[in-house]
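Residues per chain, in single letters:
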Amino acid sequence: MTRTPDQGTSGDGTTDPARPQTSVDGRTPARDPSRDLTGGGARRPARRNPDADPDREQSRSAGSSLRFGYGTNGLADLRLDDALALLADLGYDGVGLTLDHMHLDPLAPDLAARTRRVAHRLDALGLGVTVETGARYVLDPRRKHGPSLLDADPDDRARRAGLLVQAVRVAADLGAHAVHCFSGVVPDGTDEDTAWKRLAETLTPVLDAATAAGIPLAVEPEPGHLLATLADFHHLRRTLGDPEPLGLTLDIGHCQCLEPLPPADCVRDAAPWLRHVQIEDMRRGVHEHLPFGDGEIDFPPVLAALAATGYQGLTVVELPRHSHAGPHFAARSLPFLRRAAASAAPHGDPSATPEGSRTP
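Residues numbered from 1 in each chain as written. Predicted model: local features only at pLDDT ≥ 70, side-chain atom pairs only at ≥ 80, totals over all residues. Heavy atoms only, no water.

Caption draft 1: Up close: the overall build of the protein chain. The number of helices and strands found in the protein chain is 10 helices and 10 strands. Within the span of the protein chain, comprising 360 residues, buried residues form 59% of the whole. Summing over all exposed atoms, the protein chain offers an accessible surface of approximately 14,100 Å²; the carbon and sulfur share of this is 51%. (Helix = DSSP H or I, 4+ residues; strand = E, 2+ residues; numbered from the N terminus. Buried < 20%, exposed > 50% of the residue type's maximum accessible area, 1.4 Å probe, protein only. Areas by Shrake-Rupley, 256 points an atom, 1.4 Å probe, with all protein chains shown as cover.)

Caption draft 2: Region of the structure containing the pairing of strand 7 (residues 274-279). Among the 6 residues that make up strand 7, 6 are buried, leaving the element largely enclosed by the rest of the structure. The sheet contact formed by strand 6 (residues 246-251) and strand 7 spans 4 bridges and is parallel. Among the inter-strand pairings, Leu248 is bridged to a residue of strand 7, identified as Leu274. As paired strands, strand 7 and strand 10 (residues 314-317) are joined by 3 bridges and run parallel to one another. If you follow Val277 over to strand 10, its bridge partner there is Thr315. (Pairing = 2+ DSSP bridges.)

Caption draft 3: Structural detail: the environment of Ser65. The residue Ser65 is located in the loop between helix 1 (54-61) and strand 1 (67-71) in this model. Here the alpha-carbon distance between Ser65 and Ala341, two residues 276 residues apart in the chain, equals 9.0 Å.

Caption draft 4: Inspection of the packing of helix 3 (residues 111-125) against helix 4 (residues 154-174) at higher detail. Between helix 3 and helix 4, whose axes approach to 9 Å, the crossing angle comes to 40°. Between helix 3 and helix 4, the interaxial angle falls into the category oblique. Between helix 3 and helix 4 the crossing geometry is right-handed. Counting all contacts with helix 3, which are made through Leu111, Thr115, Val118, Ala119 and Leu122, the residues of helix 4 involved are Gln166, Val170, Asp173 and Leu174. Classifying every residue of the contact of helix 3 with helix 4 gives 6 nonpolar, 2 polar and 1 charged. (Axes fitted to C-alpha atoms, helices over the stretch in contact; angles between N-to-C directions. Parallel < 35°, antiparallel > 145°, perpendicular 65-115°, else oblique. Left-handed = near helix turned anticlockwise from the far one by under 90°. Contact = heavy atoms within 4.5 Å. Nonpolar A, V, L, I, M, F, W, Y, C, P; charged D, E, K, R; others polar.)

Caption draft 5: Region of the structure containing the pairing of strand 2 (residues 94-98). With 5 of its 5 residues buried, strand 2 lies for the most part within the structure. Side chains of strand 2 alternate between two faces, with Gly94, Gly96 and Thr98 and Val95 and Leu97 buried alike. When strand 1 meets strand 2, the two strands line up parallel, connected through 3 bridges. Along strand 2, the bridge assignment pairs Gly71 with Gly96. Read as a crossover between parallel neighbours, the route from strand 1 over helix 2 (residues 80-90) to strand 2 is right-handed. Alignment of strand 2 against strand 3 (residues 128-132), held across 5 bridges, turns out to be parallel. Opposite Gly94, over in strand 3, you have Gly128 as the bridge partner. With helix 3 bridging strand 2 and its parallel neighbour strand 3, the resulting β-α-β unit is right-handed. (Right-handed = clockwise from strand over helix to strand, strands pointing away.)

Caption draft 6: Region of the structure containing the environment of Pro147. Inspection of the secondary structure assignment puts Pro147 in the loop between strand 3 and helix 4. Classification of Pro147 as buried rests on a relative accessible area of 0%. Separated by 10 residues in the primary sequence, Pro147 and Tyr137 have C-alpha atoms spaced 9.3 Å apart. Apart from residues lying up to four places away in sequence, Pro147 is in contact with Leu139, Asp140, Asp156, Arg159 and Arg160.

Caption draft 7: A look at the pattern of salt bridges. Across all of its chains, the model carries 8 salt bridges by this definition. Two residues, Arg143 and Asp151, come together in a salt bridge whose shortest N-O distance is 3.0 Å. Residue class for Arg143 comes out partly exposed when judged on its relative accessible area of 34%. With a closest N to O distance of 3.4 Å, Asp242 and Arg237 form a salt bridge. You can call Asp242 partly exposed: its relative accessible area is 42%. Under the relative-accessibility criterion, Arg237 is labelled buried at 12%. Taken together, the shared-partner salt bridges in this structure form one network comprising Asp140, Arg143, Asp151 and Asp156. (Salt bridge = Lys/Arg side-chain N within 4 Å of Asp/Glu carboxyl O.)

Quick look at the structure:
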């Protein structure tokens, strides 16, 4: 299999003391007993007044049931509280929260108390959440995405697994839809059979934690990683015996970059395992996350296919290399997605829509 070079993937900030906060009662918010492992219904009802968000209601009335979020890894220069307030003000339905040193640091003291404050803030703003674990240097300040689930040293693999177990606990306390993760790059000198064995073994305690918490673990096929394609995801799923909490993060741009099928067909094929969706523009064969309109993806058929699956989780804009202008791209992305969703809705059956990519 040809691997595309990994150009980077998917931020705990302290709360801005100048911003009024919602009250914290010191208790962990109760998890919604209606949550299942389908990636939907995990958040408590939004409190935002829908009359203040007519564009969202217009998009949904046109036939789209999709819920859009924005990743905090694309807002890394903002305090977490400011980032959440921005997304709520712009009309987003939720947030892809990357656990990192600037946004809900999973390694800093008092994580449970900080998580409770974030949960209250999300509730007050009416935002859903998915927990993402793609921070580049959260475990090792010198090694991007290190250590990984594939490292030769079992203690290093255990550190990554421990971070994912911690992420599952955070997700449960936040009422998140899913926890996102990826495999990592195959280390030099390691054959793929050994890498797959390490991945399956190291993910097992994480899946146990996910089962106990009722939180899906959504593995992302990442260009350049061991698990790079949808076919690779199915290989892992079969290797592990198709465990219930194991689901899929589908990055629409990655489909355009690497998959043999157009992105809309990838959505349909992935539907039974879909637990989290990331979205951005991209070009064929180039792993570079681009703002909408700068790549090759035809989005209305993709969004029509996604809506037709009945997916209830968040569809999160993934622009980690655009944090320098994060508020600008957050403001620009949501109207684009709403227009694309609204234009797709009248077509009905997504199989009747044009090809999912404009690539020749």
